[in-house]
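Take a look at the letters that make up each chain.
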Amino acid sequence: MFEILFLGTSASAPSAKRGLSGQIVSHNEYRFLIDCGEGTQRQILQSGTGFKRLTRVLLTHGHLDHILGLGGLLSTFLRWEAIEELEIFGGRSTLDRVHTLLYDVVLRGNQPPMPLKMQEIKPGIIFEADDFTITAFQVSHRGPDCLGYVFEEKARRPFLAEKADELGVPFGPERRELVAGNPVTLADGRLISPDQVLGAWEKGSKLVVVGDAGKTDDLLEVCRDADGLVIESTYLDEEADMAKQFSHLTARMGAELAVKAGVKKLILTHISRRYREKDVVAQAQSIFPNTVVARDFDTYQIKRDIQDGR
Ligand SMILES: [Zn+2]
Ligand SMILES: [Zn+2]
(Lines give C-alpha, C1' and ligand atoms only; values in the text may rest on other atoms or scores of the structure.)
(Ligands and ions follow the chains in the order given, each with its own letter.)
Protein backbone atom coordinates (compact mmCIF):
# COMPACT_ATOMS: atom_id res chain seq x y z
CA MET A 1 0.00 0.00 0.00
CA PHE A 2 1.13 3.55 -0.75
CA GLU A 3 -0.13 6.66 0.93
CA ILE A 4 -0.10 10.06 -0.71
CA LEU A 5 -0.46 13.31 1.21
CA PHE A 6 -1.15 16.44 -0.82
CA LEU A 7 0.70 19.48 0.49
CA GLY A 8 -0.15 21.82 -2.37
CA THR A 9 -2.66 21.44 -5.19
CA SER A 10 -2.66 24.78 -7.05
CA ALA A 11 -1.35 25.47 -10.55
CA SER A 12 1.26 28.20 -11.21
CA ALA A 13 0.37 30.50 -8.29
CA PRO A 14 -1.09 29.76 -4.87
CA SER A 15 -4.68 30.59 -4.01
CA ALA A 16 -6.15 31.31 -0.59
CA LYS A 17 -7.03 27.64 -0.22
CA ARG A 18 -4.38 25.89 -2.26
CA GLY A 19 -0.60 25.91 -1.97
CA LEU A 20 1.85 25.11 -4.76
CA SER A 21 2.77 21.60 -5.85
CA GLY A 22 4.06 19.20 -3.23
CA GLN A 23 3.10 15.67 -2.25
CA ILE A 24 4.52 13.09 0.10
CA VAL A 25 4.32 9.44 -0.93
CA SER A 26 4.94 6.96 1.89
CA HIS A 27 5.44 3.23 1.97
CA ASN A 28 6.29 1.65 5.32
CA GLU A 29 9.26 3.61 6.68
CA TYR A 30 10.05 5.25 3.31
CA ARG A 31 8.91 8.80 2.49
CA PHE A 32 9.39 10.75 -0.71
CA LEU A 33 8.61 14.42 -1.28
CA ILE A 34 7.46 14.89 -4.87
CA ASP A 35 8.03 18.48 -5.96
CA CYS A 36 8.51 21.33 -3.56
CA GLY A 37 6.66 24.49 -4.58
CA GLU A 38 6.94 27.71 -2.62
CA GLY A 39 5.47 27.31 0.87
CA THR A 40 5.89 23.53 1.02
CA GLN A 41 7.75 23.62 4.33
CA ARG A 42 4.88 25.42 6.03
CA GLN A 43 2.43 22.92 4.57
CA ILE A 44 4.58 20.11 6.01
CA LEU A 45 4.40 21.76 9.43
CA GLN A 46 0.69 22.40 9.18
CA SER A 47 -0.05 18.83 8.09
CA GLY A 48 1.66 17.57 11.25
CA THR A 49 3.68 15.05 9.25
CA GLY A 50 7.08 16.53 10.13
CA PHE A 51 10.48 16.30 8.43
CA LYS A 52 11.60 12.99 9.91
CA ARG A 53 12.95 10.61 7.26
CA LEU A 54 11.87 13.06 4.56
CA THR A 55 15.30 12.83 2.99
CA ARG A 56 14.42 12.15 -0.65
CA VAL A 57 12.91 14.65 -3.05
CA LEU A 58 11.72 13.60 -6.51
CA LEU A 59 11.25 16.49 -8.93
CA THR A 60 8.93 16.23 -11.92
CA HIS A 61 10.40 19.26 -13.72
CA GLY A 62 12.11 22.58 -13.17
CA HIS A 63 9.23 25.07 -13.36
CA LEU A 64 9.26 27.47 -10.45
CA ASP A 65 5.89 26.39 -9.04
CA HIS A 66 7.49 22.97 -8.42
CA ILE A 67 10.95 23.85 -7.05
CA LEU A 68 11.05 27.25 -5.33
CA GLY A 69 10.21 25.74 -1.95
CA LEU A 70 13.56 23.95 -1.90
CA GLY A 71 15.27 27.30 -1.26
CA GLY A 72 13.17 27.95 1.84
CA LEU A 73 13.55 24.40 3.03
CA LEU A 74 17.33 24.51 2.81
CA SER A 75 17.38 27.92 4.49
CA THR A 76 15.50 26.43 7.43
CA PHE A 77 17.80 23.42 7.58
CA LEU A 78 20.75 25.84 7.75
CA ARG A 79 19.44 27.41 10.93
CA TRP A 80 17.11 25.16 12.83
CA GLU A 81 15.81 21.85 11.67
CA ALA A 82 18.23 18.97 11.56
CA ILE A 83 17.88 16.41 8.83
CA GLU A 84 20.31 13.54 8.24
CA GLU A 85 20.75 14.14 4.52
CA LEU A 86 18.92 15.40 1.48
CA GLU A 87 18.89 13.64 -1.84
CA ILE A 88 17.27 15.44 -4.78
CA PHE A 89 16.33 13.42 -7.85
CA GLY A 90 15.51 15.03 -11.21
CA GLY A 91 16.43 15.41 -14.85
CA ARG A 92 19.56 17.35 -15.80
CA SER A 93 17.95 20.70 -16.63
CA THR A 94 15.77 20.52 -13.52
CA LEU A 95 18.81 19.93 -11.32
CA ASP A 96 20.72 22.73 -13.06
CA ARG A 97 18.08 25.22 -11.99
CA VAL A 98 17.83 23.75 -8.48
CA HIS A 99 21.62 23.89 -8.19
CA THR A 100 21.55 27.62 -8.99
CA LEU A 101 18.78 28.19 -6.45
CA LEU A 102 20.46 26.26 -3.65
CA TYR A 103 24.14 27.02 -4.21
CA ASP A 104 24.07 30.53 -5.72
CA VAL A 105 21.11 32.01 -3.87
CA VAL A 106 20.80 30.14 -0.57
CA LEU A 107 24.28 28.83 0.29
CA ARG A 108 26.49 31.45 -1.46
CA GLY A 109 29.72 29.64 -0.68
CA ASN A 110 28.59 28.06 2.58
CA GLN A 111 28.52 24.32 2.97
CA PRO A 112 25.14 22.61 3.05
CA PRO A 113 24.19 21.75 6.66
CA MET A 114 23.90 18.07 5.79
CA PRO A 115 25.08 15.83 2.96
CA LEU A 116 23.26 17.19 -0.10
CA LYS A 117 23.15 14.95 -3.14
CA MET A 118 21.85 15.81 -6.58
CA GLN A 119 20.92 12.63 -8.39
CA GLU A 120 20.52 13.14 -12.10
CA ILE A 121 18.06 10.57 -13.37
CA LYS A 122 16.71 9.35 -16.66
CA PRO A 123 13.64 7.22 -17.36
CA GLY A 124 13.98 3.78 -15.72
CA ILE A 125 14.13 2.38 -12.19
CA ILE A 126 15.55 5.07 -9.90
CA PHE A 127 14.95 3.48 -6.50
CA GLU A 128 14.51 -0.05 -5.29
CA ALA A 129 13.65 -1.34 -1.84
CA ASP A 130 12.89 -4.91 -0.72
CA ASP A 131 9.26 -4.79 -1.70
CA PHE A 132 8.78 -1.85 -4.09
CA THR A 133 10.37 0.13 -6.89
CA ILE A 134 10.15 3.67 -8.19
CA THR A 135 10.42 4.07 -11.95
CA ALA A 136 10.80 7.43 -13.66
CA PHE A 137 9.18 7.97 -17.06
CA GLN A 138 9.25 10.71 -19.67
CA VAL A 139 6.39 13.23 -19.71
CA SER A 140 5.69 15.74 -22.49
CA HIS A 141 5.49 19.24 -21.01
CA ARG A 142 7.30 22.47 -21.76
CA GLY A 143 11.04 21.96 -21.85
CA PRO A 144 13.20 18.85 -21.52
CA ASP A 145 13.57 16.40 -18.65
CA CYS A 146 9.95 16.31 -17.48
CA LEU A 147 9.40 13.15 -15.51
CA GLY A 148 6.65 11.22 -13.78
CA TYR A 149 7.07 8.44 -11.23
CA VAL A 150 5.56 4.97 -10.86
CA PHE A 151 5.53 3.51 -7.35
CA GLU A 152 4.94 -0.20 -7.58
CA GLU A 153 5.03 -2.98 -5.02
CA LYS A 154 6.81 -6.08 -6.24
CA ALA A 155 4.63 -9.04 -7.12
CA ARG A 156 4.55 -11.63 -4.36
CA ARG A 157 3.23 -15.10 -3.68
CA PRO A 158 1.18 -15.34 -0.49
CA PHE A 159 2.25 -17.95 2.07
CA LEU A 160 -0.46 -20.60 2.48
CA ALA A 161 -0.21 -21.35 6.19
CA GLU A 162 -2.86 -24.09 5.99
CA LYS A 163 -0.83 -25.97 3.38
CA ALA A 164 2.28 -25.62 5.51
CA ASP A 165 0.36 -26.91 8.55
CA GLU A 166 -0.90 -29.93 6.58
CA LEU A 167 2.63 -30.72 5.47
CA GLY A 168 3.90 -30.38 9.03
CA VAL A 169 6.31 -27.51 8.28
CA PRO A 170 7.37 -26.19 11.69
CA PHE A 171 7.21 -22.50 12.57
CA GLY A 172 10.53 -20.70 12.31
CA PRO A 173 13.40 -20.72 9.83
CA GLU A 174 11.87 -23.41 7.58
CA ARG A 175 8.89 -21.19 6.81
CA ARG A 176 11.09 -18.16 6.25
CA GLU A 177 13.17 -20.12 3.74
CA LEU A 178 10.08 -21.27 1.87
CA VAL A 179 8.71 -17.70 1.73
CA ALA A 180 12.07 -16.65 0.31
CA GLY A 181 11.60 -19.25 -2.44
CA ASN A 182 14.07 -21.85 -1.18
CA PRO A 183 13.27 -25.57 -0.67
CA VAL A 184 13.76 -27.03 2.83
CA THR A 185 14.36 -30.50 4.17
CA LEU A 186 12.33 -31.33 7.26
CA ALA A 187 13.64 -33.26 10.25
CA ASP A 188 12.02 -36.45 8.91
CA GLY A 189 13.89 -36.11 5.62
CA ARG A 190 11.01 -34.90 3.42
CA LEU A 191 11.89 -32.19 0.91
CA ILE A 192 9.33 -29.37 0.72
CA SER A 193 9.40 -27.07 -2.30
CA PRO A 194 8.17 -23.46 -2.21
CA ASP A 195 5.47 -24.31 -4.77
CA GLN A 196 3.80 -26.54 -2.18
CA VAL A 197 3.17 -23.69 0.25
CA LEU A 198 3.03 -20.52 -1.88
CA GLY A 199 -0.06 -19.28 -3.75
CA ALA A 200 -0.22 -17.77 -7.21
CA TRP A 201 1.69 -14.56 -7.94
CA GLU A 202 -0.23 -11.44 -6.86
CA LYS A 203 0.51 -8.03 -8.30
CA GLY A 204 1.34 -5.28 -5.85
CA SER A 205 -0.22 -1.82 -5.59
CA LYS A 206 0.65 0.68 -8.30
CA LEU A 207 0.57 4.45 -7.91
CA VAL A 208 1.43 6.73 -10.84
CA VAL A 209 2.25 10.39 -10.23
CA VAL A 210 2.51 12.38 -13.45
CA GLY A 211 3.02 16.04 -12.58
CA ASP A 212 2.53 18.64 -15.34
CA ALA A 213 1.82 17.22 -18.80
CA GLY A 214 0.75 18.52 -22.17
CA LYS A 215 -0.58 15.30 -23.67
CA THR A 216 -1.60 11.85 -22.57
CA ASP A 217 -1.10 9.45 -25.49
CA ASP A 218 2.49 8.76 -24.40
CA LEU A 219 1.31 8.02 -20.83
CA LEU A 220 -1.11 5.22 -21.64
CA GLU A 221 1.22 2.27 -21.14
CA VAL A 222 2.84 3.55 -17.98
CA CYS A 223 -0.57 4.20 -16.40
CA ARG A 224 -1.98 0.80 -17.38
CA ASP A 225 -3.93 -0.85 -14.51
CA ALA A 226 -2.72 1.64 -11.91
CA ASP A 227 -4.60 1.55 -8.61
CA GLY A 228 -4.14 5.29 -8.35
CA LEU A 229 -3.28 7.95 -10.93
CA VAL A 230 -2.36 11.47 -9.85
CA ILE A 231 -2.32 13.90 -12.74
CA GLU A 232 -2.59 17.61 -13.37
CA SER A 233 -5.85 19.24 -14.41
CA THR A 234 -5.00 22.85 -15.08
CA TYR A 235 -7.83 23.59 -17.52
CA LEU A 236 -11.37 22.62 -18.41
CA ASP A 237 -12.33 21.43 -21.84
CA GLU A 238 -13.76 24.84 -22.72
CA GLU A 239 -10.18 26.14 -22.75
CA ALA A 240 -8.64 23.17 -24.49
CA ASP A 241 -6.86 25.54 -26.88
CA MET A 242 -5.16 27.32 -24.03
CA ALA A 243 -4.27 23.99 -22.41
CA LYS A 244 -2.57 22.99 -25.64
CA GLN A 245 -0.79 26.32 -25.96
CA PHE A 246 0.71 26.08 -22.46
CA SER A 247 1.23 22.32 -22.57
CA HIS A 248 -1.23 21.44 -19.83
CA LEU A 249 -4.16 19.04 -19.55
CA THR A 250 -7.88 19.51 -19.19
CA ALA A 251 -9.97 17.54 -16.69
CA ARG A 252 -11.45 15.66 -19.64
CA MET A 253 -8.04 14.56 -20.93
CA GLY A 254 -7.02 13.12 -17.55
CA ALA A 255 -10.33 11.28 -17.24
CA GLU A 256 -10.06 9.85 -20.75
CA LEU A 257 -6.58 8.59 -19.96
CA ALA A 258 -7.90 6.91 -16.79
CA VAL A 259 -10.59 5.12 -18.82
CA LYS A 260 -8.21 3.96 -21.55
CA ALA A 261 -5.53 2.80 -19.12
CA GLY A 262 -7.96 0.91 -16.85
CA VAL A 263 -7.00 2.97 -13.81
CA LYS A 264 -8.93 2.34 -10.57
CA LYS A 265 -8.90 5.82 -9.08
CA LEU A 266 -8.10 9.22 -10.58
CA ILE A 267 -6.86 12.06 -8.41
CA LEU A 268 -6.66 15.46 -10.08
CA THR A 269 -4.36 18.19 -8.83
CA HIS A 270 -2.58 21.37 -10.13
CA ILE A 271 -5.93 23.17 -10.17
CA SER A 272 -6.18 26.67 -11.63
CA ARG A 273 -7.68 29.54 -9.66
CA ARG A 274 -9.88 30.29 -12.65
CA TYR A 275 -12.21 27.35 -11.98
CA ARG A 276 -14.54 26.12 -9.30
CA GLU A 277 -13.55 22.72 -7.94
CA LYS A 278 -17.01 21.30 -8.55
CA ASP A 279 -16.80 22.10 -12.26
CA VAL A 280 -13.48 20.27 -12.53
CA VAL A 281 -14.89 17.24 -10.69
CA ALA A 282 -18.07 17.24 -12.78
CA GLN A 283 -16.22 17.31 -16.09
CA ALA A 284 -13.90 14.46 -15.13
CA GLN A 285 -16.60 12.36 -13.45
CA SER A 286 -18.80 12.53 -16.54
CA ILE A 287 -16.11 10.41 -18.21
CA PHE A 288 -14.47 8.58 -15.28
CA PRO A 289 -16.74 8.40 -12.21
CA ASN A 290 -14.07 7.42 -9.67
CA THR A 291 -12.38 10.83 -9.84
CA VAL A 292 -11.59 13.23 -7.02
CA VAL A 293 -9.94 16.63 -6.99
CA ALA A 294 -7.26 16.71 -4.31
CA ARG A 295 -7.30 19.48 -1.73
CA ASP A 296 -4.34 20.55 0.38
CA PHE A 297 -3.80 18.09 3.26
CA ASP A 298 -5.91 15.33 1.69
CA THR A 299 -4.48 11.83 2.14
CA TYR A 300 -5.29 8.85 -0.03
CA GLN A 301 -4.33 5.24 0.44
CA ILE A 302 -3.60 3.40 -2.77
CA LYS A 303 -3.81 -0.34 -2.61
CA ARG A 304 -4.66 -3.28 -4.79
CA ASP A 305 -8.38 -4.19 -4.98
CA ILE A 306 -9.68 -1.75 -2.43
CA GLN A 307 -10.72 1.66 -3.63
CA ASP A 308 -10.41 4.32 -1.00
CA GLY A 309 -12.37 7.47 -0.73
CA ARG A 310 -11.47 10.66 0.95
ZN1 LIG B 1 3.16 23.46 -12.62
ZN1 LIG C 1 5.16 23.04 -15.47
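Refer to the structure presented above.
This is a predicted model, so every value here is computed, not measured. (Residues numbered from 1 in each chain as written. Chains lettered and ligands numbered in written order. Predicted model: local features only at pLDDT ≥ 70, side-chain atom pairs only at ≥ 80, totals over all residues. Heavy atoms only, no water.)

A. View of the coordination of the zinc ion (ligand 2). Within the protein, His61 (NE2), His63 (ND1), His141 (NE2) and Asp212 (OD) serve as the donor atoms for the zinc ion (ligand 2), at 2.1 to 2.4 Å. Each of the four donor atoms bound to the zinc ion (ligand 2) contributes to angles spanning 88 to 168 degrees, and the resulting shape is irregular. Each donor residue of the zinc ion (ligand 2) lies on the same chain, and together they follow the pattern H-x1-H-x77-H-x70-D. (Donors = N, O, S within 2.8 Å, 3.2 Å for Na, K, Ca; no water. Tetrahedral: all angles 85-135°; square planar, octahedral: opposite > 155°, others 65-115°.)

B. Focus on the pattern of salt bridges. According to the stated counting rule, one finds 18 salt bridges in the structure shown. Glu120 is paired through a salt bridge with Arg92; the nearest N and O atoms lie 3.3 Å apart. Linking Glu120 in strand 6 (residues 116-120) with Arg92 in helix 4 (residues 92-107), this pair joins segments that are 28 residues apart in sequence. Its relative accessible area of 37% is what places Glu120 among the partly exposed residues. For Glu256, the salt bridge goes to Arg252, with nearest N and O atoms at 3.5 Å. Residue Glu256 and its partner Arg252 are both found in helix 9 (residues 251-261); the two are separated by four residues, about one turn of the helix. (Salt bridge = Lys/Arg side-chain N within 4 Å of Asp/Glu carboxyl O. Helix = DSSP H or I, 4+ residues; strand = E, 2+ residues; numbered from the N terminus. Buried < 20%, exposed > 50% of the residue type's maximum accessible area, 1.4 Å probe, protein only.)

C. Here's a closer look at the sheet that holds strand 8 (residues 132-138). Ordered by their spatial adjacency, seven strands build an open sheet running 7-8-9-12-13-14-15, and the pairing between neighbours is mixed. Of all the strands in the sheet, just strand 7 (124-128) and strand 15 (291-293) have a single pairing partner and so form its edges. Recorded for the sheet is a direction-independent mean angle of 20 degrees between the axes of neighbouring strands. Across five bridges, the pairing between strand 13 (residues 228-233) and strand 14 (residues 266-271) is parallel. Residue Glu232 lies in a different strand from strand 14, and its bridge partner there is Thr269. Relative to strand 15, helix 10 (residues 277-285) is tilted by about 160 degrees, and along the sheet it contacts strand 13, strand 14 and strand 15. (Pairing = 2+ DSSP bridges. Axes fitted to C-alpha atoms, helices over the stretch in contact; angles between N-to-C directions. Contact = heavy atoms within 4.5 Å.)

All we've got here are geometric facts, nothing functional implied.
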